[in-house]
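Residues per chain are reported as follows:
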Amino acid sequence: MNLVEPYPLSPKRDVPASISRPEYVGRKGPKPYRGTDVQRPETIAKMREAGRIAHLAIKEGEKVIAPGITTDHIDQVIHEYILDHGGYPSTLGYRGYPKSCCTSVNEVICHGIPDARPLEDGDLISIDVTVFKDGVHGDNCMTFGCGTLDQKSQDLMNRTREAMERGIKAVKPGRAINVIGRVIEAYANRFGYGVVRDYTGHGVGTAFHTGLVIFHYDAPGATTIIKEGMTFTIEPMLTMGDYRSHVWDDDWTVVTNDYSRSAQFEQTIHVTHTGAEILTAP
Ligand code: MF3
Ligand code: CO
Ligand code: CO
């Protein structure tokens, strides 16, 4: 099996001055978030719009997935879609991240940087897009096959989506937050998949990452009670083998130690009176 290798990056893409940027752009990193994880209805309404654009941007990217297409081209399509809809691609300039989305291929778990590598028939690719608009972020990720996907990769992809959906269904006000990871891990275990631990879901709103952590495995210490009005992501990364990972010399690209393939799905959700509303929906 060929492993994914780094390729050259294209020059930095421009964003017109008319589009408002998150505070961390042009700085080393974000200011610490001091707000709450329960958002006001007006904030949630804005997140619905940012989330919708993030979702539709991924769907635009999906359209061009084909053998021979570079992940940089996918980034260009997504970058332009976001700008055309008045948003800013939240990852561009986040802690020095150079691109407008993350494209994570095969054994890359997450934070893969779009570059000149042409996709190959049979590749498994996740596209993670976050959009900042009107002062709030919406964060969404989906995994796709390029060309003809082998059965094991298709299963991993479908079951990772299912794992995320089960996590979302477990969300109810009054429950401890670790219920999410418990159901995701239990489902993944049925198939012997690894559940990535080093990267988690997170509170999201006016900040990209609020500090609230959503584990995708059963973390007994995660006793925060889920409250109506909370907004956070659920974004499990499942692997065909071991869950352990390391980071490339680019300081971003996260790959499995055993080079087994990985898939990821992510939604931004809002906790309602009875469950969860998906904000990253069309
Ligand atoms: N969108 C990713 C997440 O789900 C974060 C990407 S940060 C980046 O949290 F800098 F790597 F782009
Ligand atoms: Co996220
Ligand atoms: Co994301």
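Residues numbered from 1 in each chain as written. Chains lettered and ligands numbered in written order. Predicted model: local features only at pLDDT ≥ 70, side-chain atom pairs only at ≥ 80, totals over all residues. Heavy atoms only, no water.

Engineer: Would you mind going over the side chain of Ser90 with me for this structure?
Structural biologist: Positionally, Ser90 belongs in the loop between β1 (88-89) and β2 (102-105). Within the structure, Ser90 has its side chain in polar contact with the backbone nitrogen of Phe132 (distance 3.2 Å). With residues up to four places along the chain from it excluded, the contact list for Ser90 reads Tyr24, Thr130, Val131, Phe132, His137 and Phe208. (Helix = DSSP H or I, 4+ residues; strand = E, 2+ residues; numbered from the N terminus. Polar contact = N/O pair within 3.5 Å; in protein donor to acceptor, adjacent residues only side chain to side chain. Contact = heavy atoms within 4.5 Å.)

Engineer: What is the right way to read the coordination of the cobalt ion (ligand 3) from this model?
Structural biologist: Metal coordination angles in their ideal form are 109.5 degrees for the four-donor tetrahedron and 90 or 180 degrees for the six-donor octahedron. Around the cobalt ion (ligand 3), the protein contributes the donor atoms Asp128 (OD), Asp128 (OD), Asp139 (OD) and Glu266 (OE), which lie 2.1 to 2.4 Å from the metal centre. For the cobalt ion (ligand 3), the 6 donor atoms in the first shell make angles of 59 to 171° at the metal, so the coordination geometry reads as irregular. Along the chain, the residues donating to the cobalt ion (ligand 3) fall in the pattern D-x10-D-x126-E. Separating the cobalt ion (ligand 3) from the cobalt ion (ligand 2) is a distance of 3.2 Å, and Asp139 supplies a donor atom to each of them. Of the two residues, Asp139 sits in strand β5 (residues 136-145) while Glu266 sits in the loop between β13 (262-264) and β14 (267-271), which places them 127 residues apart along the sequence. On the basis of relative accessible area, Asp139 is assigned to the buried category, the value being 2%. Judged by relative accessible area, Glu266 falls into the buried class, the value being 0%. (Donors = N, O, S within 2.8 Å, 3.2 Å for Na, K, Ca; no water. Tetrahedral: all angles 85-135°; square planar, octahedral: opposite > 155°, others 65-115°. Buried < 20%, exposed > 50% of the residue type's maximum accessible area, 1.4 Å probe, protein only.)

Engineer: Help me out: how do you make sense of the coordination of the cobalt ion (ligand 2) in this one?
Structural biologist: Coordination of the cobalt ion (ligand 2) by the protein is provided by Asp139 (OD), His202 (NE2), Glu235 (OE) and Glu266 (OE), with metal-donor distances spanning 2.0 to 2.2 Å. In the primary sequence, the donor residues of the cobalt ion (ligand 2) line up as D-x62-H-x32-E-x30-E.

Engineer: I'm lost on the sheet that holds strand β3 (residues 108-110) in this one. Help?
Structural biologist: Across a sheet, paired strands are connected by hydrogen bonds in the backbone, their directions being either parallel or antiparallel. Taken in spatial order, the 3 strands line up as β3-β12-β11 in an open sheet, and their pairing is antiparallel. Edge positions in the sheet fall to β3 and β11 (245-247), since each has one partner strand and no second. Adjacent strand axes in the sheet meet at a mean angle of 40° when their direction is disregarded. In terms of strand pairing, β11 meets strand β12 (residues 254-256) through 3 bridges, oriented antiparallel. Residue Ser245 lies in a different strand from β12, and its bridge partner there is Thr256. (Pairing = 2+ DSSP bridges. Axes fitted to C-alpha atoms, helices over the stretch in contact; angles between N-to-C directions.)

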